[in-house]
Amino acid sequence: MKYRIFFVGLISLLLQSAGLANTLQEAFSEHFLMGTVWHGQPVEGHKKNHFLEKEKAITAIEFNTITAENCMKPAALQPEEGAFSFAESDAMMAYAQAQDLVVVGHTLVWKNATPDWFFLDKHGAQVSREVLITRLKTHIRTVVEHYRGRIEYWDVVNEAIDTRWLPKQKRFEAFYKPTPWLEIIGPEYIEIAYRAAHEADPSVKLLYNDYGLHNEAKLDFTLAMIADLKSRGVQIYGLGYQGHLFIDQPALVEIERVLSKAQQAQIPLHITELDVSVLPNAWKHRAASVEDRFALAAEFNPYADGVPEEILALQAKRYSELFKLLVKYSDNVERVTFWGVWDGNSWRDYRPMLGRTDYPLLIGRNFERKPAYAAVLQVVAQQEKKD
Ligand code: 9MR
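Definitions and cut-offs
- Each chain carries its own residue numbering, running from 1 in the direction its sequence is written.
- Only residues with pLDDT of 70 or above have their local features reported here, since the model is predicted, and side-chain atom pairs are shown and tallied only from 80 upward, although totals for entire chains, interfaces and linings are computed over all residues.
- Processing note: side-chain calculations cover all non-hydrogen atoms of the structure and skip hydrogens and water entirely.
- The helix and strand labels rest on DSSP assignments: H or I over at least four residues marks a helix, E over at least two residues marks a strand, and numbering proceeds from the N terminus.
- Our radius of gyration looks at C-alpha atoms and nothing else; its globule reference is 2.2 Å times the residue count to the power 0.38.
- Per-residue accessibility, obtained with a 1.4 Å probe over protein chains only, is compared with the maximum for each type, and a residue is labelled buried under 20%, exposed over 50%, and partly exposed between these values.
- Whether two residues touch is decided by their heavy atoms; if any such pair falls within 4.5 Å, the residues are in contact.
- Where accessible areas are quoted, they stem from the Shrake-Rupley method and a 1.4 Å probe; at the residue level, only the protein chains shown are allowed to cover.
- One heavy atom within 4 Å of a molecule or strand makes the whole residue count as near it.
- Think of it as three bins: nonpolar holds Ala, Val, Leu, Ile, Met, Phe, Trp, Tyr, Cys and Pro, charged holds Asp, Glu, Lys and Arg, and polar takes everything else, Gly as well.
- In predicted models, pLDDT denotes the confidence assigned by the predictor to each residue on a 0 to 100 scale.
- Nonpolar core, defined: a set of buried Ala, Val, Leu, Ile, Met, Phe, Trp, Tyr and Cys residues in which side-chain atoms within 4.5 Å join the residues together.
- A carboxyl oxygen of Asp or Glu within 4 Å of a side-chain nitrogen of Lys or Arg is what we treat as a salt bridge.
- Geometry is summarised by axes, namely lines fitted to C-alpha atoms with helices restricted to the contacting stretch, and by angles between N-to-C directions that run from 0 to 180 degrees.
- For any pair of crossing helices, the crossing counts as left-handed if the nearer helix is rotated counterclockwise from the farther one by less than a right angle, and right-handed if it is rotated clockwise.
- Side-chain atoms alone can form a polar contact between residues adjacent in sequence; in general such a contact is a pair of N or O atoms within 3.5 Å, and within protein one must be able to donate a hydrogen while the other accepts it.
- Each helix should span, by expectation, one fewer than its residue count multiplied by 1.5 Å.
- Directions drawn from the helix axis to the C-beta atoms are what define this arc.
- The criterion for strand pairing is that DSSP finds at least two bridges linking the strands in question.
- Pairing of aromatic side chains here covers Phe, Tyr and the six-membered ring of Trp, requires ring centres within 6.5 Å, and sorts the geometry by plane angle: under 30 degrees stacked, over 60 edge-to-face, intermediate tilted.

*Asks:* I'd like a description of the overall build of the chain, backed by residues and values.
*Replies:* When helices and strands are counted, the chain shows 12 helices and 11 strands. For a compact globule of 387 residues, the expected C-alpha radius of gyration is about 21 Å, and the chain comes in at 21 Å, within 12% of that figure. Burial analysis of the chain (387 residues in total) assigns 54% to the buried set. Contacts in the chain between residues far apart in sequence, at least 24 positions, make up 76% of those at least 6 positions apart. Total accessible area on the chain stands at roughly 17,500 Å², and carbon and sulfur atoms take up 54% of it.

Laid out in structure tokens, this is it:
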């Protein structure tokens, strides 16, 4: 242990003497907030989290904002109608307040992690539009009021837009994702949700959060939806681009398009769920839904016994290129949040395939700072030299 403390101290000294900031939040303090998640204790039956204290310690050092990974989803907060349970999210909030972290609530309306009771009556039949609107508003009002004045941003609606390939026209088309929300209420559920959240806490900034925005059809549809809501006086503040990336996809130009179009549209952008998987993309084989799980296959799990240095170097390059872009657009990028504290606790290990070993974050499985960590800090150092 003593040696480890000595080693960490030595690295800090070396970083300082190389003119580098010591932590992620410090390095990017002029540019945007730097965040991670509260993994907390699993709410969906994943294995117990034995590393919560360690994660809390790292978070306090490296980050200035925190998002609830799971504990603020409807399944966690209102597992049964009217039976709200804030124990885990209150624990997160107490920690965040003690560390002076900006808190992001995630998420109020989603098709996943939402219990069936929302959509069914006591006989198991689908509820009416009126009943579902009431349940939607009650959920939002109760949760947002509970944290009024303490949460800075809410991901209100999550992943409401999908795309399909039109072979004849040879292009993608975007549309509202078919979910019980859409089916029972119609697309107005989105507007209803934002209005309810704003009423419950007029000071909280409301985001729309989605993945796959490198698809231009989806990006344009999303920006148009936000512009339309704004034009009708709905208080929607900004766009969350999740950023679940791979080493070789999507292309950097496609990512830049998201940053530049959001800037042109004057919609503040948040990178809400960043990670860079080093594994082969197992989503390609089916429509990407978080509920899909495929059987574990060795070809999709090449680094179960350790990840080669050259792969970590490629990942570092990818992170470096990405952060150069984020700094370039930092006038419009407010926050960059990683979807995980360290490689040992990442959703990538259990979705879409249970039992893989991925290395998607900046801090490794032995809590070490990975090559990608150094590469990200280097981006700011180089930027400062240029200025
Ligand atoms: O990381 C989350 C994982 O622990 C949960 O099992 C899963 C389902 O609730 O959700 C994961 O987080 C998702 C986020 O809430 C929305 N965007 C995609 C994220 C990764 O699946």
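Text resumes after the structure shown.
*Asks:* Break down the site of the ligand for me, with residues and values.
*Replies:* Taken together, 18 residues sit near the ligand, with Glu 69, Lys 73, His 106, Glu 273 and Tyr 350 positioned nearest. The residue makeup of the shell around the ligand, split by class, is six nonpolar, six polar and six charged.

*Asks:* Explain the confidence of the model for the chain to me, using residue names and the numbers behind them.
*Replies:* Confidence in the prediction of the chain, expressed as mean pLDDT, is 92, and 91% of residues score 70 or more. Low pLDDT, under 50, characterises residues 1-6; the predicted model gives this stretch one contact beyond four residues in sequence or across chains.

*Asks:* Explain the nonpolar core to me, using residue names and the numbers behind them.
*Replies:* Within the largest apolar cluster, 100 residues are counted, with the highest numbers of intra-cluster contacts made by Met 72, Trp 154, Val 157, Tyr 189, Tyr 208 and Phe 323. Among the elements that line this core, the one with the most residues is helix α8 (residues 188-200), at eight residues. The contacts of Phe 323, once residues within four sequence positions are left out, are Phe 28, Phe 32, Met 34, Leu 274, Val 336, Phe 338, Val 376 and Val 379.

*Asks:* Kindly report on the pattern of salt bridges, identifying the contributing residues and their values.
*Replies:* Considering all chains together, one arrives at 17 salt bridges under this definition. Among the ionic pairs, Asp 343 bridges to Lys 370, the shortest N-O distance being 2.8 Å. Placement of Asp 343 in the loop between β11 (333-338) and α12 (371-386) and of Lys 370 in the loop between β11 and α12 is noted, with a sequence separation of 27 residues between them. Across the pair, exposure class does not vary: Asp 343 and Lys 370 are buried alike. Each of Glu 191, Arg 195, Asp 228 and Arg 232 takes part in a single network of salt bridges with overlapping partners.

*Asks:* Tell me what's going on with the packing of helix α6 (residues 129-146) against α8, and back it up with residues and numbers.
*Replies:* Running from amino to carboxyl end, α6 crosses α8 at an angle of 35 degrees, the nearest separation of the two axes being 9 Å. Pair α6 / α8 crosses with right-handed handedness. On the side of α6, the interface is formed by Arg 129, Ile 133, Leu 136, Lys 137, Ile 140, Arg 141, Val 144 and Glu 145, while α8 contributes Glu 188, Tyr 189, Ile 192, Ala 193, Ala 196, Ala 197 and Ala 200.

*Asks:* For the environment of Gln 25, give the residues involved together with the corresponding values.
*Replies:* Within the secondary structure layout, Gln 25 lies in helix α2 (residues 24-27). Note on Gln 25: relative accessible area 21%, which makes it partly exposed. Spatially, the C-alpha atoms of Gln 25 and Asn 64 are 6.1 Å apart, while their sequence positions differ by 39 residues. Apart from the residues within four sequence positions on either side, Gln 25 is in contact with Met 34, Ala 60, Ile 61, Glu 62, Phe 63 and Asn 64. Side-chain polar atoms of Gln 25 contact the backbone oxygen of Phe 63, separated by 3.3 Å.

*Asks:* Let's hear about helix α5 (residues 87-98): which residues, and what values?
*Replies:* A rise of 1.5 Å per residue sets the reference length of α5, with its 12 residues, at 16 Å; its end C-alpha atoms lie 17 Å apart and thus fit the reference within 8%. Turning to α5, its buried residues are Ser 89, Met 92, Met 93, Tyr 95 and Ala 96. Summarising the axial view, the buried residues of α5 lie within an arc of 165 degrees, below the 170-degree limit, and thus occupy one face. Seen from the open side of α5, the exposed residues pointing more than 90 degrees away from its buried face are Ala 87 and Ala 98.

*Asks:* Describe the pairing of strand β6 (residues 171-176), naming the residues involved and giving the relevant values.
*Replies:* Here six bridges tie strand β5 (residues 161-166) to β6, and the two strands are oriented antiparallel to one another. If you follow Ile 161 over to β6, its bridge partner there is Tyr 176.

*Asks:* Mind laying out α12, listing which residues take part and the relevant values?
*Replies:* Compared with an ideal rise of 1.5 Å per residue, which puts 16 residues at 22 Å, α12 spans 23 Å between its outermost C-alpha atoms and is within 8% of the ideal. For α12, the set of buried residues is Ala 372, Tyr 373, Ala 375, Val 376, Leu 377, Val 379, Val 380 and Ala 381.

*Asks:* Tell me about the environment of Ala 21, residues and numbers included.
*Replies:* Examined against the element boundaries, Ala 21 turns out to sit in the loop between α1 (2-17) and α2. Owing to a relative accessible area of 19%, Ala 21 belongs among the buried residues under this scheme. It is 41 Å that separates the C-alpha atoms of Ala 21 and Ile 190, two residues lying 169 residues apart in sequence.

*Asks:* Give a description of the pairing of strand β8 (residues 238-241) that names residues and reports values.
*Replies:* Burial of β8 is two-sided: the residues Gly 238 and Gly 240 facing one way and the residues Leu 239 and Tyr 241 facing the other way are all buried. Where strand β7 (residues 205-210) and β8 come together, four bridges link them in parallel fashion. In the sheet register, Leu 207 faces β8, and the bridge partner there is Gly 238. Sheet analysis places β8 next to strand β10 (residues 269-277), joined by three bridges and oriented parallel. Residue pairing across strands places Gly 240 opposite His 270, the latter belonging to β10.

*Asks:* Give a description of the packing of aromatic side chains that names residues and reports values.
*Replies:* Enumeration over the complete set of coordinates arrives at 20 aromatic pairs. Their ring planes at 40 degrees and their centres at 5.7 Å tell us that Trp 38 and Tyr 95 sit as a pair that is tilted. Of this pair, Trp 38 sits in strand β1 (residues 33-38) while Tyr 95 sits in helix α5, and the two are 57 residues apart along the sequence. Neither residue differs from the other here; Trp 38 and Tyr 95 are each classed as buried. Ring plane angle 75 degrees and centroid distance 4.9 Å describe the contact between Phe 119 and Trp 181, whose orientation is recorded as edge-to-face. One end of the pair, Phe 119, is in the loop between β3 (102-109) and α6; the other, Trp 181, is in helix α7 (residues 180-185), and 62 residues separate them in sequence. Take Phe 119 and Trp 181: they sit in the same class, and that class is buried.

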